[in-house]
Amino acid sequence: MSYYVTHLESAIDGTHFPPDQLHTTHSGRPLWVRYDLEAVRRSVDRDQLIRRPSGLWRYRELLPLPPGHEPVTLGETITPLLPAGELGRLCGVQNLWIKDESRLPGGTFKSRGMTLAISMARRFGVKRVALPTAGNAGGAAALYAAAAGMEAFVFMPDDTPAVNQYEAALAGARVYRVRGLISDCGNIVRSLQHETGWLDLSTLREPYRLEGKKTMGLELAEQFQWRLPDVILYPTGGGTGLIGMWKAFQELSTLGWLNSEKLPRMVAVQSDGCCPIVRAFQRGERFAQPFPNAHTIASGIRVPSAVGDFMMLDTLRASQGTAVAVPEASIPDWMRIATRLTGIPICPEAAACVGALQKLAAEGWIHPEEHVVLFNTATALKYVETIQTPIPEWKGKLER
Ligand SMILES: *Cc1c(COP(=O)(O)O)cnc(C)c1O
């Protein structure tokens, strides 16, 4: 197998960097991984590729790990695309699918990014990684670092869901609770970088987690027989999924692998308790202001300020998409309703997307017959605080 990565490219000013050295950011902003897609097109057959073993590493030619390097993997399965007719009808659409990421290692799609980030870290000889996290990324980093025999340091706000704190500790990471926000955690990681020599795995501060998230778009194309849905609803925090999927669609389009050139409209969904991207989108700005007093039980999207803000906003505009903030107080209700109608353990972040779907369908922005995909980015079971409910004690007979 050949290697198709040509260079890394600054997302802010286009500067090129060689692909065979470890690079993180340029001017504090993210880097793209670029491929020779002409060469991929000549040597890879789309229909061969989907006969490879199930899992995201089947797209190896579109991933940055060079041949001869073994991936650090925990078996990232191709996630199911489940029809959700009842829930769709409740929200006002006839063709709704849920891409259920809850069964990936660690119960969240953060494993897609981490299998790439940790594989590349090992490839460059990194022995120690660190990251600030709103929750699930810390757990995933700890699991993949454990699989690679690497040291991991995880810094989380002290009100991060308990499961996220314990899962990272269980996997042997050095976990610290920080009195403050994820941005304060990020400052700690950066301030100690020189002294510790660790690789900072923060969202979009190394270029490879994005490539892992890109595989959501590749899988979706494959699952829809290379014809993409009309609308994708995505709970947006740091934005790697939104940006990564759009990158996947561009690459697939360049490769000529799509049966229809019509690309999905991308919808960024946030809570009104933390919606910097929605605000910037509505104001027509390219960069987002930090969101003050950010709060939401959907911890994965509690990101008040993101280095990839302009990449998210560019994606929304290029795809003729939109950005929606849903009322924070409605999230637990949507979790219950959606889980009861589908049987899928809907996380608070995905529940926000259900609320957004209903709003956009009611406004006519989504038409009833359009094909819509909603991402369930984690299992509800990771949110013990949110799903708590009084369970009556058995007193010998059924009540009422
Ligand atoms: C991290 C996370 C998100 C946000 O993902 P980004 O791609 O960084 O925007 C959404 N949902 C869950 C459950 C998460 O853990």
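Scope of this entry: the structure provided in the associated data block.

Here is what the cut-offs are and how they apply
Residues numbered from 1 in each chain as written. Predicted model: local features only at pLDDT ≥ 70, side-chain atom pairs only at ≥ 80, totals over all residues. Heavy atoms only, no water. Near = heavy atom within 4 Å. Polar contact = N/O pair within 3.5 Å; in protein donor to acceptor, adjacent residues only side chain to side chain. Areas by Shrake-Rupley, 256 points an atom, 1.4 Å probe, with all protein chains shown as cover. 1 Å grid on protein atoms, 1.4 Å probe; cavity = no way out; pocket = protein on both sides within 12 Å on 5 of 7 lines; lining within 4 Å. Sits in = over half its atoms within 2 Å of the grid points. Helix = DSSP H or I, 4+ residues; strand = E, 2+ residues; numbered from the N terminus. Nonpolar A, V, L, I, M, F, W, Y, C, P; charged D, E, K, R; others polar. Buried < 20%, exposed > 50% of the residue type's maximum accessible area, 1.4 Å probe, protein only. Pairing = 2+ DSSP bridges. Right-handed = clockwise from strand over helix to strand, strands pointing away. Contact = heavy atoms within 4.5 Å. Core = buried A, V, L, I, M, F, W, Y, C linked by side-chain atoms within 4.5 Å. Patch = residues over 30% accessible without salt bridge, like charges linked within 9 Å, V, L, I, M, F, W, Y side chains within 5 Å. Salt bridge = Lys/Arg side-chain N within 4 Å of Asp/Glu carboxyl O. Axes fitted to C-alpha atoms, helices over the stretch in contact; angles between N-to-C directions. Points joined across faces, edges and corners; volume = space filled by probe spheres on them.

## With respect to the site of the ligand
Okay, so step 1: Taken together, 18 residues lie around the ligand, and Lys110, Tyr234, Gly237, Gly239 and Thr377 are the ones closest in.
Okay, so step 2: Contact between the ligand and Thr240: an oxygen atom at 2.9 Å from a side-chain N or O atom of the residue.
Okay, so step 3: In the complex, 97% of the free accessible area of the ligand, which totals 390 Å², lies under the protein chains.
Okay, so step 4: Put simply, the ligand lies in the largest pocket.
Okay, so step 5: Of all the secondary structure elements, the ones that give two or more residues to the shell around the ligand are strand S10 (231–235) and helix H10 (240–255).
Okay, so step 6: Within the shell around the ligand, the residues separate by chemical class into six nonpolar, nine polar and three charged.

## Some points on the pairing of strand S7 (residues 151–157)
Okay, so step 1: In terms of burial, S7 is largely enclosed, as six of its seven residues are buried.
Okay, so step 2: Note that strand S6 (residues 128–132) and S7 share five bridges and pair parallel. Paired with Val129 across the strands is Ala152, a residue of S7.
Okay, so step 3: After leaving S6, the chain enters helix H5 (residues 136–148) and then returns to the sheet as S7, a path that is right-handed.
Okay, so step 4: Pairing between S7 and strand S8 (residues 174–178): five bridges, direction parallel. By the bridge assignment for S8, Phe155 is matched with Tyr176.
Okay, so step 5: Viewed along the sheet, the connection from S7 through helix H6 (residues 162–170) into S8 turns out right-handed.

## Things to note about the side chain of Glu61
Okay, so step 1: Looking at the element boundaries, Glu61 is found in the loop between helix H2 (46–49) and strand S4 (81–83).
Okay, so step 2: Classification of Glu61 by relative accessible area gives buried; the value is 9%.
Okay, so step 3: Polar side-chain contacts of Glu61 include one of 2.9 Å to the side chain of Arg52.
Okay, so step 4: Each residue touching Glu61, except ones within four places of it in the same chain, is listed here: Met1, Tyr4, Tyr35, Val40, Val44, Leu49 and Arg52.

## Comments concerning the nonpolar core
Okay, so step 1: Judged by nonpolar contacts, the single largest core of 71 residues is most densely connected at Met245, Phe249, Trp257, Met266, Leu316 and Phe375.
Okay, so step 2: For this core, the element with the highest residue contribution is H10, accounting for eight residues.
Okay, so step 3: The residues contacting Phe249, other than those within four sequence positions of it, are Gly217, Leu228, Ile232, Leu258, Leu263, Pro264 and Met266.
Okay, so step 4: Counting residues in each nonpolar core, the second largest holds 36 residues, with Ile301, Val324, Ile344 and Val354 among its members.

## Looking at a nonpolar patch on the surface
Okay, so step 1: Taken together, Leu90, Ile337 and Leu341 make up a surface patch of nonpolar side chains, about 220 Å² in accessible area.
Okay, so step 2: Structurally, Leu341 can be placed in helix H13 (residues 331–342).
Okay, so step 3: With a relative accessible area of 34%, Leu341 lands in the partly exposed category.

## Brief notes about the sheet that holds strand S3 (residues 31–35)
Okay, so step 1: Spatially, the three strands line up as an open sheet ordered S2-S1-S3, and their pairing is antiparallel. Strands with a single pairing partner mark the edges of an open sheet, and in this sheet they are strand S2 (16–17) and S3.
Okay, so step 2: Examined bridge by bridge, strand S1 (residues 5–10) and S2 share two bridges and lie antiparallel to one another. From the neighbouring strand, Leu8 faces S2, where its bridge partner is Phe17.
Okay, so step 3: Where helix H9 (residues 208–223) meets the sheet, its contacts fall on S1 and S3, and the angle it forms with S3 comes to roughly 60°.

## Some thoughts on the pairing of strand S5 (residues 95–100)
Okay, so step 1: Within S5, five of the six residues are buried, which leaves it mostly tucked inside the rest of the structure.
Okay, so step 2: Pairing analysis gives three bridges linking S4 to S5, with the strands arranged antiparallel. Paired with Pro83 across the bridge in S5 is Trp97.
Okay, so step 3: Sheet topology note: the S5/strand S13 (residues 371–376) ladder contains six bridges and is parallel. The partner of Asp100 across the bridge, within S13, is Asn376.

## Concerning the layout of surface pockets
Okay, so step 1: Taken as a whole, the largest pocket holds about 600 Å³ of empty space.
Okay, so step 2: The residue inventory of the lining of the largest pocket, partitioned by class, reads 16 nonpolar, 17 polar and six charged.
Okay, so step 3: Each pocket or cavity is described by its volume, and for the second largest pocket that value is around 250 Å³.
Okay, so step 4: Lining the second largest pocket are 13 residues; nearest its centre among them are Pro332, Met335, Arg336, Thr386 and Ile387.

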